[in-house]
Amino acid sequence: MNIVGITACPTGIAHTYITKKKLIQAAESRGHHCRVETQGTIGVEDELTPQEIADADVVILAVDVKIHGEERFKGKPVIRITTETVMQNAVGLIQKVESLIKK
Amino acid sequence: MKQQLTMVKKHVMTGISFMIPLVVGAGLCMAISIIIGGPNVSTAEGTFAYTVNRIGSLGMTLVVPVITAAIAYSIADRPGVAPGLIIGLICTEIKAGFIGGIVGAFLVGYFVNWLKKIFRNVPESIKGLVPILLIPLIATFVCGLLMFYVVGQPIVAFMDALTNFLMSMQSGSKFVFGFLVSGLAGTDFGGPINKSVSLFANGLMVDGILEPEACKLLGCMIPPMGIIVAYILARKKFTKAEKEAVKACLPMGICMITECVIPLAMNDLWRVVLSSVVGCGIAGGLSMLMGVGASVPHGGWFVIPTFQNPVGYVICMVVGSLIMGVLLAVLKRPLKEDEDSLDGLGTSSGKAAVNLDDIKIEEIG
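Keep in mind that what you see is a predicted model, and the values were worked out from it rather than measured. Sequence order as written defines residue numbering, which begins from 1 separately in each chain. Chain letters and ligand numbers both follow the written order, the letters beginning at A and the numbers at 1. Local features are withheld for residues below a pLDDT of 70 in this predicted model, meaning they are given only at 70 or higher, and side-chain atom pairs are given and counted only at 80 or more; totals for whole chains, interfaces and linings count all residues.

Colleague: Report on the domain arrangement of chain B, specifying residues and quantitative values.
Modeller: Residue and element names in this part refer to chain B. What counts as a domain boundary in this text is fixed by an automatic or database domain assignment. The domain boundaries assigned to chain B delineate domain 1 (2-167) and domain 2 (171-334). Every contact between the two is made by 20 residues of domain 1 and, on the other side, 13 residues of domain 2. Labels follow the DSSP assignment, with helices taken as runs of H or I lasting at least four residues and strands as runs of E lasting at least two, numbered in each case from the N terminus. Of all elements in the fold, only α1 (2-37), α3 (63-76), α5 (97-118) and α6 (129-167) reach the threshold of two or more residues within the side of domain 1 that touches domain 2. With 12 residues, the top contributor of residues to the side of domain 1 that touches domain 2 is α1. Just so you know the grouping, Ala, Val, Leu, Ile, Met, Phe, Trp, Tyr, Cys and Pro go in nonpolar, Asp, Glu, Lys and Arg go in charged, and all remaining residues, Gly too, go in polar. Class assignment of the residues belonging to the side of domain 1 that touches domain 2 gives a composition of 17 nonpolar, three polar and no charged. By the convention adopted here, residues make contact when the C-beta atoms placed from their backbones lie within 7 Å.

If you want it as structure tokens, here you go:
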């Protein structure tokens, strides 16, 4: 699968980036391609391109706060969770997403 | 219901995330001005230190408006911002403070959302008037009046009562209060409990009560140091992956990124949490007794010199870290042979596995 995602946490300096790393690691360990944009206190980094979003099979929003640019994902299957979920069980999450998308 | 609660939390967290850099910028300017200009800097007009103090104090008056606007923005998107700023300023004016700002923000946010719903089917010709005229006017007018006449008053009374209660505490209850604030802040290393305590302490700090904020900071700064102490005392009880995680604790701990403890806590949940709560709690109790106060919500070791009684703070931090470290070193089990590998990804066999059943696909409309 092609996965794109956004991570954002309240303080925007730690969880945002740990979550990004874990999400990518977990997705790649299950054989998927994964690109993650971060929206920390510093602002948007690694912004997803329209092409990447168009090519994506699923969008994972691991966010604890309001994010910018949610309207970019109109019409896409979106999974909305907290950063906590990724921190605690990233692989389980990816497996769950796999089963949801196959249905 | 659970869904609703998650949303409320998200809105408040958005507010906090906008507030933190503002309070750090303004609070530190005030603290620096006191360092260079002495305690009476706010009346020493014309001096350089006075100017720095003005920068900070003007910035602090924006804290409640910004958190109100940010929460309203999270609830109602852009139309929430303008009325949110105004309602927040009202809260500052009537001294309803931080709590008033949060209550006001939900009032504004949901009211604006309701207005959006009502105006959804207006004719095309006046569609442009809705966001530029109708929503700002009606939301500001109605919520502003409500804040002044209805919602604000009980909050002001509550804030006064809380302030008086905290001011009049005796030493025994001071210790218990400090133990609670720091212990809770040290429970989940930047997680929801820590954030709730932060909200409480930041709120009091904005309203000029600085002691709880120091307790909260202890609860954030002690855990990484406690882990390091435990590591020095009982190196053999740490797995390879844990050792890697410990390395990150020094730089991150100095910067008050207490999240670096999470990988270690995940591996050994109750031992790490228990020792952290005891260490932080005792430090927090001491800090209350010594009258340590902090006027900055973040910044790690670098902002300690700006505290009220910084030496006391350092003593509390050292004591707390030692207690936590010794306790953890004693509690931690020796390694079993096959335990020395961990992929660090968090798998479904993990002890604290989250519930994945509620996760579903949604569409963004």
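Colleague: Account for the nonpolar core, naming residues and giving values.
Modeller: Membership of the largest hydrophobic core comes to 128 residues, with the highest contact counts inside it found for Leu-23 of chain A together with Ile-67, Ala-72, Val-108, Leu-218 and Val-261 of chain B. With 13 residues, the single largest contributor to this core is α1 of chain B. Viewed by domain, this core spans two of them, domain 1 (2-167) and domain 2 (171-334) of chain B, each represented by three or more residues. Other than its neighbours up to four places away in sequence, Leu-23 of chain A contacts Gly-5, Thr-7, Cys-34, Val-36, Ile-60, Ala-62, Val-86 and Ala-90 of chain A. A set of buried residues qualifies as a nonpolar core if it consists of Ala, Val, Leu, Ile, Met, Phe, Trp, Tyr and Cys joined through C-beta atoms within 7 Å. The exposure label follows from counting other C-beta atoms within 10 Å of a residue's C-beta, where the C-beta atoms are placed from the backbone and the thresholds are 20 or more for buried and 12 or fewer for exposed, leaving partly exposed in between.

Colleague: Got a sec to walk through the sheet that holds strand β1 (residues 361-362) of chain B? Specific residues and values, please.
Modeller: Here six strands make up an open sheet; going across it, the order is β3(A)-β2(A)-β1(A)-β4(A)-β5(A)-β1(B) and the pairing mixed. Edge positions in the sheet fall to β3 (43-45) of chain A together with β1 of chain B, since each of these pairs with one other strand and no more. On top of the sheet, helix α3 (residues 83-102) of chain A reaches β1 (2-8), β4 (58-63) and β5 (78-81) of chain A together with β1 of chain B; it is set at about 160° to β4 of chain A, its chief contact. Strand pairing is assigned whenever DSSP identifies at least 2 bridges connecting the two strands. Fitted lines through C-alpha atoms serve as axes, helices being fitted only where they are in contact, and the angles separating the N-to-C directions of these axes extend from 0 to 180 degrees.

Colleague: Which residues make up helix α13 (residues 310-331) of chain B, and what values do they have?
Modeller: Along an α-helix, a turn takes 3.6 residues, which lines up residues three or four apart on a common side. All names here are of chain B. Residue count minus one, scaled by 1.5 Å, sets the expected span of a helix. End to end, α13 covers 31 Å across 22 residues, agreeing with the expected 32 Å (1.5 Å per residue, within 8%). All of the buried residues along α13 are Tyr-313, Cys-316, Met-317, Gly-320, Ser-321, Ile-323, Met-324, Gly-325, Leu-327 and Leu-328. Check the buried side of α13 and you find it contacts α9 (211-233) and α12 (269-290).

Colleague: Account for unusual backbone geometry, naming residues and giving values.
Modeller: All names here are of chain B. Phi at Asp-77 takes a positive value of approximately 65°, unusual for a residue other than glycine. One non-glycine residue, Asn-309, adopts positive backbone phi at about 65°. Along the chain, the position of Asn-309 falls in the loop between α12 and α13. Here Asn-309 falls in the partly exposed class, since 18 other C-beta atoms lie within 10 Å of it.

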